[in-house]
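A closer look at the structure
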Amino acid sequence: MALSVGFEGTDLSSSIIAESVESIAAGTMVLSLATADAAGTPHANMAFFALGNKFDLYFVSEPSTRHGQNASARAQASAAIWLPPPEFGEGLRGMQVTGECGAVVGDDAEPAFEAYRSRFPSFGGDPAVRESYLDGTGAASLYRFRVERVRLVDEPHLGRRNYVELSVLR
């Protein structure tokens, strides 16, 4: 899977940035998601995720969870994805992202389902289960985190302490 988006905010090529993002995302299965309720009360959780080619992060959760309710009330969210450093303070690799998060159904759910199933082959193999995710009738839902901004650090590839602040261009 190759990202099909551009990036603004750096002189580095979009392909170099995309390679870094893809490598970091492939190196871990879990992200830390931060949402807030309508009153602004923050909440963090962890979720297994898959990266889509338009820099969407897909995950599965139940709408009844706190983060599911928060995403319904307020779409703005943040997430962090990182790889363990080889030693304290060295070789840092990770990204902090901001964007909008919400459950997806129908045509929007198709790429979410395919990306998630590609990453986690045991997910949704039964056709009835697949259909329940696509039409939103299951106990759990597919969620899309549409990344708008990213703060990327990939010291082995982009340089030591080079924190790159980027906007995603679709």
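The model shown is predicted, which means the values in this text are computed figures rather than measured ones.

Our focus in this paragraph is the nonpolar core. Of all hydrophobic cores here, the largest spans 33 residues; its most connected members are Phe 7, Phe 55, Leu 57, Met 95, Val 97 and Phe 145. Those elements that provide at least two residues to this core are helix 1 (14-26), strand 2 (30-36), strand 5 (56-61), strand 6 (76-83), strand 7 (93-104), strand 8 (141-154) and strand 9 (164-169). Setting aside chain neighbours within four positions, we find Met 95 in contact with Val 21, Ile 24, Ala 25, Phe 55, Ala 79, Ala 80, Ile 81, Val 150, Arg 151 and Leu 152. Counting 14 residues, the second-largest nonpolar core is a separate cluster that includes Ala 50, Phe 113, Leu 134 and Ala 140.

What follows deals with the side chain of Ser 20. You can see Ser 20 is positioned in helix 1. On the basis of relative accessible area, Ser 20 is assigned to the buried category, the value being 3%.

What follows covers the environment of Asp 56. Position of Asp 56 among the secondary structure elements: in strand 5. The spatial distance from the C-alpha of Asp 56 to the C-alpha of Glu 155 is 23 Å, given a sequence separation of 99 residues. If near-sequence neighbours (up to four positions away) are discounted, Asp 56 is found in contact with Ala 50, Leu 51, Arg 144, Phe 145, Arg 146, Val 147 and Arg 170.

Turning our attention to unusual backbone geometry. You will see that Phe 55, though not glycine, has its phi angle at about 60°, which is positive. Judged by its relative accessible area of 0%, Phe 55 falls in the buried class.

Attention now moves to the pattern of salt bridges. Going through the model one piece at a time under the given rule, you end up with nine salt bridges. A salt bridge links Arg 170 to Asp 56; the nearest nitrogen and oxygen atoms lie 3.6 Å apart. Of the two residues, Arg 170 is situated in the segment after strand 9 and Asp 56 in strand 5; the sequence distance between them amounts to 114 residues. Exposure remark for Arg 170: the relative accessible area of 47% places this residue in the partly exposed category. In this structure, Arg 93 and Asp 154 form a salt bridge, with 2.8 Å as the shortest nitrogen-oxygen distance.

Now for the environment of Glu 90. The residue Glu 90 is located in the loop between strand 6 and strand 7 in this model. Apart from residues no more than four positions distant in its own chain, Glu 90 is found in contact with Pro 85, Glu 155 and Arg 160.

Moving on: the packing of helix 3 (residues 109-119) against helix 4 (residues 127-135). Running from N to C, helix 3 and helix 4 point in directions that differ by 135°, and their axes come no closer than 9 Å. In terms of orientation, helix 3 lies oblique with respect to helix 4. Once helix 3 is placed against helix 4, the crossing between them reads as right-handed. Taking contact as the criterion, the partners of Ala 109, Glu 110, Phe 113 and Glu 114 in helix 3 are, on helix 4, Arg 130, Tyr 133 and Leu 134.

Cut-offs used in this document
- Residues numbered from 1 in each chain as written.
- Predicted model: local features only at pLDDT ≥ 70, side-chain atom pairs only at ≥ 80, totals over all residues.
- Heavy atoms only, no water.
- Core = buried A, V, L, I, M, F, W, Y, C linked by side-chain atoms within 4.5 Å.
- Buried < 20%, exposed > 50% of the residue type's maximum accessible area, 1.4 Å probe, protein only.
- Helix = DSSP H or I, 4+ residues; strand = E, 2+ residues; numbered from the N terminus.
- Contact = heavy atoms within 4.5 Å.
- Salt bridge = Lys/Arg side-chain N within 4 Å of Asp/Glu carboxyl O.
- Axes fitted to C-alpha atoms, helices over the stretch in contact; angles between N-to-C directions.
- Parallel < 35°, antiparallel > 145°, perpendicular 65-115°, else oblique.
- Left-handed = near helix turned anticlockwise from the far one by under 90°.

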